[in-house]
Amino acid sequence: MGILQNILEQFINGLRSGSIYALIALGYTMVYGIAKMINFAHGDIIMVGAYALYVGLSILHLPAILAILLSLVVCTIFGVVIERVAYKPLRSAPPLAVLITAIGVSFLLQSVSLLIFGATPIPQESIVKFAGIKIGGLSISGITVVTLIVTTICMISLTWFIQKTKMGSAMRAVAEDKGAAELMGIDVNKTISLTFAIGSALASIAGILYVCQYQSLKPTLGAMPGIKAFVAAVLGGIGSVPGAMLGGIILGLIESLSKAYISTELSDAIVFGILVLVLLIKPSGLLGKIRKEKV
Amino acid sequence: MALLEVKNLGISFGGLRAVDDFNITIEKGCLYGLIGPNGAGKTTVFNMLTGVYLPTDGSILLDGTNLVGKNPAQICQSGVARTFQNIRLFGKMTVLDNVKVALHNEYNYSLASGLLHLGKYKKTEAAMDQRALEILDVFGMKEYAGLLASNLPYGEQRKLEIARALATNPKLLLLDEPAAGMNPNETAELMDTIRFIRNKFEITILLIEHDMKLVTGICEKLTVLNFGTELTTGTPEVVLNDPEVITAYLGE
Amino acid sequence: MKNKQIDKQLIKNLAIIVIVFAAIEFLLYGDLLTRQFRSLLIPVCINVILAVSLNLTTGFLGELTLGHAGFMSVGAYTGALVTMNLNLPMIIEFPIALIAGGLVASLFGVIIGVPVLRLRGDYLAIVTLAFGEIIKSIINSLKITNGAMGLSNIELHGNYKNFGYVFFLTVITIFAIKNMVNSRQGRAVCSIRDNYIAAEAVGINVSKFKVMAFVVAAFFAGIAGVIYGHNVGTLKPTTFDYNKSIEILVIVVLGGMGSIKGSVIAAIILTILPEMLRSADEFRMFLYAVVLIAMMIFNSSQIKQRILSSDIFLKLKKTKKEA
């Protein structure tokens, strides 16, 4: 009973962090699908979201719901502005230049937050007041329950948006063929902005959930979850929305179980080892497809 | 024995049969043309001959040795060189270096010599320079040697691609639409050059071309490809008067 | 005639090296440098070696590498363990450490060669990042490397008193990479960057030369690591994280990808400048970020084209040529 319960607990922990990874991975995968670039700064949008929540709650003393809204709006604006200012001038540049710029933006966000808020971690109380539930001998914390519910809602509505709405089908069209989509009268610039906006809003939600879980803020808080979410996106097949969700959950489970049963120090190595293996064995990931260069 | 013997060559992409039951035999020293409407599978044939695509079935024999299953670099070393329909030069390297890259396998020295510029380095590099300049001279491009390849005018870029392919010392040279985008004067000049290099370097040439003046002007034999299958083979006069070929190009 | 030109260039380069070396030695022996500057001499050399070697994979092979610090850490730990466990005079021990550090790092270059063979571009960049993180977390969990505590009490062989030694190694690195780029191996590497399909088509074994570039770059990064360990005296796994890799990348980007001279100059500037500005650490990251973004946007914008083709620039170039 004890072992089983322990495994179950780790499983639920993994599900929680995995669903956060999935939220972030969605941003990577959508942007990659549409702009064919790895938005390295995506992880740092999580950090922006977390700090925006902190500013709303502890500095402006807003009610929780307004602070959440503030965080969402700030992240969305950041996402769109970053695309317009830093990435758009490089649409026809070689991929290497775009990737380096994205790394630059990531560094910029971190260093600006370092200059404003300092390097010392800032404590921030969770906004989730719900105490959690008990099933048999198993207790699930409130933040875990909230995280699972919120991420499920996000994923279902995103899938609906992409599959059923006009803007969603515009996004799919641009991802398939930018030039052809433009000829069909789709505003490519607007669609790309929209993609960045949605991705950043999801990152903001991830940031809020992250703060409620760890209750502490520092400028680099988005870097690791960001990179791991990228691993999740690759695992699921970059460019594929269901792939990002699946990859995120699987990665969270693997990480949680290897932390509990193998070694805390090596859990990062295991996560990254998986990335290398996936890319070697099936570079298209679990649900993705890869296009070959035409000769 | 023929230089190139291709039998029952075919390739499928997923469910699509891009080339089916393709046969071609090219005698040594021949100037051979592969023609057909757009999308007939001509470049796909080139890609199979050079190892870019692995054929689903069939055999490719060059001088009696099998090429199927070798990678592009190995096939090049076996004696097949090519140019590309969409020019693929080493843009950030000089014209001279573009040719010297192709001399890579013929002139050798170790990494240690390369790192330290000792041993065979100086002598080999001097020999490579001389050989590369000789080849460029054939195309009248000697004075461009120090320019970046991407700064060359379009016509010269096409010529440099041929020069680079020749530098690998091939038995068989594949030219993928060498006259694409050239004006009539340039095309006429190109025809002379192709004939000249065939004689000077004693090679065999297989070319894809849409320009019928060039095809009838220099090709000794033609194969027509349509919808991935061979329509007919023969001398230009016979092939181009074939009613089936005319239908394939112009429709019913 | 061409050979004579090369020789002239070589003599000019050697003259510059001797003058720079003599000047620094003069300042050192005359005790004319502040402590801060003296302590920067070796880090400048280390960064030059790192940047020039990273330029081989990122600038000449054209594959973004985000795990260069990983190779450096492997070299640093190997070198430190060699000198800590051998009880030989420094003059014998240190060269052994350098070679061992370089070789073990290049062994890791071979290992990363496996993904390098199959991937390109964005994916490969991420794999190199992952590779650096894997190395870090393995070093973090090994006993021989003393885990998160790291190694301390490494004998100080690489500090400013041995500047001559380190300077010599730096010069060797610069020449080796420069020579390689101007050799058949280097041409093969550059041809892969410019068009790998065409490179294959002219008979270049693309896999071999991609791995070769990584192995050579890793070797020199390993050497830089050995010098680092013996300059600072302590090693911690966290020193060699992703941020360190980016720091080296920033140098290469600022100096110009594919320019060795640029890497050397940028390494000097970017090592000294942040130290001279107060509140260095917070400002350094900001500086790096701005350099990365500005360089990339500048490079692909119209502004650069306009400057390059403007009358003033052409005149400047002309007068330079005439002189």
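In case you missed it, the structure is sitting above this.
Note that the structure is a prediction, hence the values are computed from the model and not measured.

How each quantity is defined
- Residues numbered from 1 in each chain as written.
- Chains lettered and ligands numbered in written order.
- Predicted model: local features only at pLDDT ≥ 70, side-chain atom pairs only at ≥ 80, totals over all residues.
- Heavy atoms only, no water.
- Phe/Tyr/Trp six-rings, centres within 6.5 Å; stacked < 30°, edge-to-face > 60°.
- Helix = DSSP H or I, 4+ residues; strand = E, 2+ residues; numbered from the N terminus.
- Buried < 20%, exposed > 50% of the residue type's maximum accessible area, 1.4 Å probe, protein only.
- Contact = heavy atoms within 4.5 Å.
- Buried area = accessible area lost by both parts, 1.4 Å probe.
- Salt bridge = Lys/Arg side-chain N within 4 Å of Asp/Glu carboxyl O.
- Polar contact = N/O pair within 3.5 Å; in protein donor to acceptor, adjacent residues only side chain to side chain.
- Expected span 1.5 Å × (residues − 1).
- Pairing = 2+ DSSP bridges.
- Axes fitted to C-alpha atoms, helices over the stretch in contact; angles between N-to-C directions.

Draft legend 1. Broad picture of the packing of aromatic side chains. According to the stated counting rule, one finds 18 aromatic pairs over all chains in the structure shown. Judged by centre distance (6.4 Å) and plane angle (80°), the rings of A:Tyr32 and C:Tyr123 are edge-to-face. Of this pair, A:Tyr32 sits in helix H1 (residues 2–35) while C:Tyr123 is found in helix H5 (residues 121–141), placing the two residues in two different chains. The burial state of A:Tyr32 is the same as that of C:Tyr123; both residues are buried. An angle of 10° between the planes, with centres 6.1 Å apart, marks the rings of A:Phe40 and C:Tyr242 as stacked. One end of the pair, A:Phe40, is in the loop between H1 and helix H2 (42–59); the other, C:Tyr242, is in helix H10 (residues 242–255), on a second chain. Classification of C:Tyr242 by relative accessible area gives buried; the value is 10%. Grouped by ring-pair contacts, the aromatic residues A:Tyr51, A:Tyr54 and A:Phe117 constitute a single cluster.

Draft legend 2. Fine view of the interface of chain C and chain A. Contacts between the two partners involve 41 residues from chain C and, on the opposite side, 46 residues from chain A. Both sides of the chain C and chain A interface together cover about 3800 Å² of buried area, and 80% of this is carbon and sulfur. A per-residue breakdown of the area chain C buries against chain A is headed by C:Asp122, C:Tyr123 and C:Met285, which together make up 18% of the total. Linking chain C to chain A there are 0 salt bridges. Linking chain C with chain A are 1 residue pair in polar contact (both at pLDDT 80 or more).

Draft legend 3. Expanded view of helix H10 (residues 241–261) of chain A. All names here are of chain A. Under the 1.5 Å per step criterion, the end-to-end length of H10 is 30 Å for 21 residues, consistent within 8% with the ideal 30 Å. Regarding H10, the residues found buried are Val241, Gly243, Ala244, Met245, Gly247, Gly248, Leu251, Gly252, Leu253, Glu255, Ser256 and Ser258. On its buried side, H10 packs onto H1, helix H5 (142–164), helix H9 (223–236) and helix H11 (267–281). For H10, the N-terminal capping position is held by Ser240, with its side-chain oxygen 2.9 Å away from the main-chain nitrogen of Gly243.

Draft legend 4. Broad picture of the sheet that holds strand S1 (residues 4–13) of chain B. Residue and element names in this part refer to chain B. Overall, antiparallel pairing links the 4 strands, which are arranged S2-S1-S4-S5 in an open sheet. Pairing within the sheet leaves two strands with one partner each, and these edge strands are strand S2 (16–26) and strand S5 (65–66). Sheet topology places S1 next to strand S4 (residues 57–62); 5 bridges connect them, and they run antiparallel. When the sheet's bridge partners are listed, Lys7 is paired in S4 with Ser59. In the packing of helix H1 (residues 42–49) onto the sheet, contacts are made with S1, S2 and S4, and the angle to S1 comes to roughly 110°.

Draft legend 5. A look at the pattern of salt bridges. The final tally for this structure, using the stated rule, is 21 salt bridges over all chains. We note a salt bridge from B:Lys171 to B:Asp63, for which the minimum N-O separation is 3.4 Å. Of this pair, B:Lys171 sits in the loop between helix H6 (154–167) and strand S7 (172–176) while B:Asp63 sits in the loop between S4 and S5, placing them 108 residues apart in sequence. A relative accessible area of 35% means that B:Asp63 is categorised as partly exposed. One continuous salt-bridge network, built from bridges that share partners, spans B:Lys100, B:Glu125, B:Asp129 and C:Arg187.

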